[in-house]
Amino acid sequence: MRLPHIELTNFRNYRELELEPAAGLNVFLGANAQGKSNLLEAIAMLGTGKSFRTSRESEVIREGASRAVVTGEAHSRMGIVRLGCMVESGPRSAHKRYLVNGKDVRYARFLGRAAVVTFVPADLQMIGGAPSLRRAFLNAALSQEQPPYYHELVRYQRALTQKNAMLRSETADRELLEVYEQTLIEAGTALWLARDEAVQALALHAEQAHRRWSAGTEHLELRYHPNVPAQAPTHDAVVEAFTTHLRAHRDAERVRRTALVGPHRDDLRFLLGGTSLAAYGSQGQQRTAVLALKVAEYHVMRKRTGEAPILLLDDVLSELDAARAAAFLEGIGDVDQGFVTATELDSRFPAARKFEIDAGRLRVQA
Amino acid sequence: MPVPRAIAEPVAALINEFSKLPTIGPKTAARLVFYLLNRPRHEAQALAEAILAVKDKVHLCTTCYSLTEHDPCDLCSDERRDASMICVVAEAKDIYAIERTGAYKGRYHVLGGLISPMDGIGPAQLRVKELVERVGADAPAEIILATNPNAEGEATALYVGRLLQPLGMAVTRLAYGLPIGGDIDYADEVTLARALEGRRVL
Ligand SMILES: [Zn+2]
């Protein structure tokens, strides 16, 4: 997967920008606050349709403009596809538009056309942070890889919002509550099975990468920790466990006035030598495990889509010591195309093309 | 948004009224008012009378809750229509969509919206109880649930289905399918999967 041509219009500090990235690693060099991360944010939006830096997406619209546009040509095994993502300012919130070959499409039809793996410094906090961070990681990776996953996730979240609204308002319509629970069980079982399978694949690759780095001395394990534990990872077993759990927690949910059972309370656990990294791991050990997870995400996505995703590294290598940064790049291997931001050129990056960025201006370095 | 004082009071008043309508902002409202100012008086009168006629003459049918000038409505009183089938829709406008197909000859029931607790709309806010009573009294052979294939439409159909099933008639749901004239390779995975589930024997 490659993006040989990218254009930005009124995106953050860029009025008009055309970019011709090379195959291999493209490095954006410059002092802080010159717009390096803005470029990476724009490129990521061509893949995920979402900003990795803000949930208030009207922020990406350049001061004084009414809409920000990113377009790019994605070259893959499937051929060439023109992608566009627009953020338009609206009265209350930003309005987003997604384009495939010039045609407006729904988000679900846009997502994943250009597979990207994004790695930002905040990811390094994933293991010690709240479970929602780890669920967000799984949801983002799986939604990009599998369109049906995204569909089930949206279905699940809508039914959950409705169920919570009922629990808060004390409308005791048992029949209606069961309607939402039926959808939660159906969609939630699909999420459960997809997460279980994904974590197994991630665990395999993460363990391999980690074993190489630690010269086989430390054993990293990734475990899917579902809120609803099933006897077996099969559709029927999950449906049964879900149904039983909902029944068992019915009173508690009524008292707490919120839904307590289901994949919205799942977690992903990291163990090193059998002990919890979140509880007992040092910051260094946690960081290394995240690197292994990101390497695994890259390889799993490559396997599933049949080609290397685009790699986006925002200031993350400068956060790491030399040994870890080198280990990470070695774990990824040859990239089809990648983008890295850095304040100074580092001999560790095998840069294919270097761009100097100064106050929103871009210069290709010889 | 307050209208500037410089504008004549009746103009400001009408702009204000138009702005209350859905999808119409102050700019569009002003454009409509200045357009009307340039039209002959009889056109403005026809518009005003049409608006009042809707309020004065149109009522809800007490059988199906569709909009009608007389009660029961034309659809409910038409003897040629099949009373053994009731098609349940969210809004009266959905009836016009189905009638345009010419493919349905039964009766209707308008719920008056879709269930959505997060928006404060439960079954009690809709004509669900009325549907159950009507079905109990008329004993039709089939109920077709024709709500939208979105989250609220699905939940409403499931809920109504649960209430009706014990009454013993066939309860059906509109099939999901591919758009006619569309390409299979251009359909999204979810639509295609649903169309496969709803496949039929030739
Ligand atoms: Zn009627």
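Here is what the cut-offs are and how they apply
Residues numbered from 1 in each chain as written. Chains lettered and ligands numbered in written order. Predicted model: local features only at pLDDT ≥ 70, side-chain atom pairs only at ≥ 80, totals over all residues. Heavy atoms only, no water. Helix = DSSP H or I, 4+ residues; strand = E, 2+ residues; numbered from the N terminus. Contact = heavy atoms within 4.5 Å. Core = buried A, V, L, I, M, F, W, Y, C linked by side-chain atoms within 4.5 Å. Buried < 20%, exposed > 50% of the residue type's maximum accessible area, 1.4 Å probe, protein only. Buried area = accessible area lost by both parts, 1.4 Å probe. Salt bridge = Lys/Arg side-chain N within 4 Å of Asp/Glu carboxyl O. Polar contact = N/O pair within 3.5 Å; in protein donor to acceptor, adjacent residues only side chain to side chain. Nonpolar A, V, L, I, M, F, W, Y, C, P; charged D, E, K, R; others polar. 1 Å grid on protein atoms, 1.4 Å probe; cavity = no way out; pocket = protein on both sides within 12 Å on 5 of 7 lines; lining within 4 Å. Points joined across faces, edges and corners; volume = space filled by probe spheres on them. Donors = N, O, S within 2.8 Å, 3.2 Å for Na, K, Ca; no water. Patch = residues over 30% accessible without salt bridge, like charges linked within 9 Å, V, L, I, M, F, W, Y side chains within 5 Å. Areas by Shrake-Rupley, 256 points an atom, 1.4 Å probe, with all protein chains shown as cover. Expected span 1.5 Å × (residues − 1). Pairing = 2+ DSSP bridges. Axes fitted to C-alpha atoms, helices over the stretch in contact; angles between N-to-C directions. pLDDT = per-residue confidence, 0-100.

1. Structural notes on the environment of A94(A)
All names here are of chain A. Within the secondary structure, A94 sits in the loop between β5 (79–88) and β6 (95–100). When the C-alpha atoms of A94 and F270 are compared, they prove to be 37 Å apart, with 176 residues separating the residues in sequence. If near-sequence neighbours (up to four positions away) are discounted, A94 is found in contact with E57, S58, V87 and E88.

2. A look at the nonpolar core
All names here are of chain A. Counting residues in hydrophobic clusters, the biggest one holds 90 residues, and the most contacted among them are L222, L313, L317 and F328. Among the elements that line this core, the one with the most residues is helix α5 (residues 174–213), at 17 residues. Beyond its immediate sequence surroundings of up to four residues, L222 is in contact with V199, L202, A203, A206, L268, R269, F270 and L293. Counting 39 residues, the second largest nonpolar core, distinct from the first, contains I43, A44, V70 and L83.

3. What to know about the interface of chain A and chain B
Taken together, the contact between chain A and chain B spans 18 residues of the former and 17 residues of the latter. Carbon and sulfur atoms supply 57% of the area that chain A and chain B bury against each other, a total of about 1700 Å² over both sides. If you look at where chain A meets chain B, you find three salt bridges. In this structure, the salt-bridge partner of E178(A) is R162(B), at a minimum N-O distance of 3.0 Å. Taken together, the links from chain A to chain B amount to eight residue pairs in polar contact (both at pLDDT 80 or more). Every element with two or more residues in the side of chain A that touches chain B is listed here: α4 (147–169) and α5 of chain A. The residue makeup of the side of chain A that touches chain B, split by class, is six nonpolar, five polar and seven charged.

4. Details of the layout of surface pockets
In this model, the largest pocket occupies a volume close to 1500 Å³. Lining the largest pocket are 49 residues, and of these H151(A), R155(A), P149(B), V190(B) and R194(B) lie nearest its centre. Looking at the lining of the largest pocket, the element that brings in the most residues is α4(A), giving ten residues. A per-class count over the lining of the largest pocket returns 23 nonpolar, twelve polar and 14 charged. Residue lining of the second largest pocket: 37 residues in total, with A136(A), F137(A), N139(A), A140(A) and A141(A) positioned closest to the centre. Mapped onto the lining of the second largest pocket, the elements with two or more residues apiece are α1 (36–48), β8 (116–119), α3 (131–145), α4, α5 and α9 (283–305) of chain A. Of the residues contributing to the lining of the second largest pocket, the split by class is 22 nonpolar, nine polar and six charged.

5. Quick look at the coordination of the zinc ion
All names here are of chain B. Protein coordination at the zinc ion comes from C61 (SG), C64 (SG), C73 (SG) and C76 (SG), with a distance range of 2.3 Å. One chain supplies every donor to the zinc ion, and in sequence these donors are spaced C-x2-C-x8-C-x2-C. With relative accessibility at 0%, the residue C61 sits in the buried group. You can call C64 buried: its relative accessible area is 1%.

6. Some points on a nonpolar patch on the surface
Residues V54(B), V58(B), L60(B), L67(B) and Y96(B) make up a contiguous nonpolar surface patch of roughly 420 Å² in combined accessible area. For V58(B), a relative accessible area of 30% translates into the label partly exposed.

7. Points about the environment of P26(B)
You can see P26(B) is positioned in helix α2 (residues 26–37). Considered as a pair, P26(B) and I15(B) are eleven residues apart in the sequence and their alpha carbons are 7.0 Å apart.

8. Concerning α4(A)
For α4(A), spanning 23 residues, the distance from its first C-alpha to its last is 34 Å, which sits close to the expected 33 Å at 1.5 Å a residue. One or two positions beyond α4(A), positive phi appears at E170(A), with a value near 60°.

9. Quick word on the sheet that holds strand β13 (residues 337–342) of chain A
All names here are of chain A. An order of β8-β12-β13-β3-β14-β15 is seen for the six strands of this open sheet, with the pairing classed as mixed. In the strand order of this sheet, the two ends are held by β8 and β15 (361–365), each with one partner. Strand-to-strand twist in this sheet, taken as the mean axis angle between neighbours without regard to direction, amounts to 20°. In the packing of α1 onto the sheet, contacts are made with β3 (24–29), β8, β12 (310–313), β13, β14 (351–358) and β15, and the angle to β13 comes to roughly 150°.

10. Describing the confidence of the model for chain B
When pLDDT drops low, the exact placement of atoms in the prediction is not to be read closely. All names here are of chain B. Counting all residues, the mean pLDDT for chain B is 90, and 96% of those residues have values of 70 or more. Averaged over each element, pLDDT in chain B is lowest for helix α8 (residues 189–197) (78) and highest for strand β4 (residues 106–110) (97). The complex prediction reports pTM at 0.86, with the ipTM value standing at 0.80.

11. Notes on the environment of Y150(A)
Residues and elements named next belong to chain A. Looking at where Y150 falls in the secondary structure, it is placed in helix α4. Given the relative accessible area of 18%, Y150 is considered buried. Excluding residues within four positions of it along the chain, Y150 makes contact with Y107, A108, L111 and S143.

12. Some details on the side chain of S51(A)
Residues and elements named next belong to chain A. Within the secondary structure, S51 sits in the loop between α1 and β4 (67–76). According to the relative accessible area criterion, S51 is buried, its value standing at 11%. Looking at S51, its side chain comes within polar contact range of the main-chain nitrogen of T54, at 3.1 Å.

13. A closer look at the pattern of salt bridges
Residue and element names in this part refer to chain B. Tallied over the entire structure, the rule returns 39 salt bridges over all chains. The partner of D94 in a salt bridge is K93, and the shortest N-O contact between them spans 3.8 Å. Relative accessible area serves as the criterion here: at 19%, D94 is assigned to the buried category.

14. So, helix α11 (residues 322–332) of chain A
Residues and elements named next belong to chain A. Burial in α11 covers these residues: A325, A327, F328, L329, G331 and I332. Buried residues in α11 make contact with β8, α5, α9, β12 and α10 (316–319). Of the residues trailing α11, G333 is marked for its positive phi of about 80°.

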